[in-house]
Amino acid sequence: MTERQYRQTYDSKRVFRGSEGSMRVFNKGVAALTKLGISLMGSRVLSVPGRKSGEWRSTPVNLLVIDGQRYLVAPRGHTQWVKNLRVSGTGRLQLGRKVETFRAEELADADKIPALRLYLKKWSWEVGAFFSGDVAKDSPDEVLRHIAPGVPVFKIN
């Protein structure tokens, strides 16, 4: 069996920046609807204090639920909200007027496989572009293990 070739490097420095213009418009629309209380397939507005400024920064996210446990997955990689959440360990999730404060715990790469699989099954139509064709909703575990270092996952407590 030959070594699989990947178009991206899935490591602790991965940040997907492609298609930012159209995604920015999409994210603003999703955030506006979510703030009005309309969740699109589990959307929430995540707010995390900036690691340098302390000012709250917000972005729409897909809240993943597995057996009652909630997770945040960062399909774009080690983005600013990921770095801020690592430092603060806390954030807020908003849906309409309901704002919930939470503590987050980052999962080890070996523990991410079930969350990555379900996340891709639910939202591959939306986030598939962030993986440059390397990953699909039916990718085998070996592929998910390979990409795990480049896709942070947080357990919400």
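Report follows, based on the coordinates. Because the structure is predicted, anything quoted here is derived from the model rather than measured.

The next thing to look at is the overall build of the chain. Counting its regular elements, the chain contains 4 helices and 6 strands. Projected onto the principal axes, the alpha-carbon positions of the chain cover approximately 55 × 35 × 30 Å. Looking at the chain residue by residue over its 157 residues, the buried ones come to 43%. Sequence separation of at least 24 residues holds for 67% of the intrachain contacts in the chain that already meet a minimum separation of 6.

Another point: the nonpolar core. Counting residues in hydrophobic clusters, the biggest one holds 22 residues, and the most contacted among them are Leu116, Phe131, Val135 and Ile147. Counting residues per element, the ones that place at least two in this core are β3 (69-73), α3 (113-127) and α4 (141-147). Residue contributions to this core peak at 7 residues, all from α3. Leu46, Val48, Leu72 and Phe154 belong to the second-largest nonpolar core, a separate cluster that totals 14 residues.

With that settled, the discussion passes to helix α2 (residues 80-88). Looking only at α2, the buried set comprises Trp81, Val82, Asn84 and Leu85. For α2, the angular spread of the buried residues around the axis is 165°, confining them to a single face. Residues of α2 that are buried in the fold lie against β1 (43-49), β2 (56-66), β3, β4 (90-95), β5 (98-106) and β6 (153-156). Glycine 89 sits one or two positions beyond α2 and adopts a positive phi of about 70°.

Summarising the element assignment, threonine 90 is placed in strand β4. Those residues within four positions of threonine 90 in sequence are excluded, and the remaining contacts are Val48, Pro49, Leu85, Thr101, Phe102 and Arg103.

A grouping of Arg17, Arg51, Lys52 and Lys83 is seen on the molecular surface, where their side chains present a positively charged patch. Note on arginine 17: relative accessible area 57%, which makes it exposed.

What follows deals with the pattern of salt bridges. Tallied over the full model, the rule gives 4 salt bridges. In this structure, the salt-bridge partner of arginine 70 is glutamate 100, at a minimum N-O distance of 2.6 Å. Taken as a pair, arginine 70 in strand β3 and glutamate 100 in strand β5 lie far apart in primary sequence, 30 residues in all. The closest approach of N and O atoms between arginine 86 and glutamate 106, which form a salt bridge, is 2.8 Å. Residue arginine 86 is located in helix α2, and its partner glutamate 106 is located in strand β5; the two are separated by 20 residues in the primary sequence. Exposure remark for arginine 86: the relative accessible area of 36% places this residue in the partly exposed category.

The rules behind these values
Residues numbered from 1 in each chain as written. Predicted model: local features only at pLDDT ≥ 70, side-chain atom pairs only at ≥ 80, totals over all residues. Heavy atoms only, no water. Helix = DSSP H or I, 4+ residues; strand = E, 2+ residues; numbered from the N terminus. Buried < 20%, exposed > 50% of the residue type's maximum accessible area, 1.4 Å probe, protein only. Contact = heavy atoms within 4.5 Å. Core = buried A, V, L, I, M, F, W, Y, C linked by side-chain atoms within 4.5 Å. Arc of directions from axis to C-beta. Patch = residues over 30% accessible without salt bridge, like charges linked within 9 Å, V, L, I, M, F, W, Y side chains within 5 Å. Areas by Shrake-Rupley, 256 points an atom, 1.4 Å probe, with all protein chains shown as cover. Salt bridge = Lys/Arg side-chain N within 4 Å of Asp/Glu carboxyl O. Lys, Arg positive; Asp, Glu negative; His and termini not counted. Charge placed at Lys NZ, Arg CZ, Asp CG, Glu CD.

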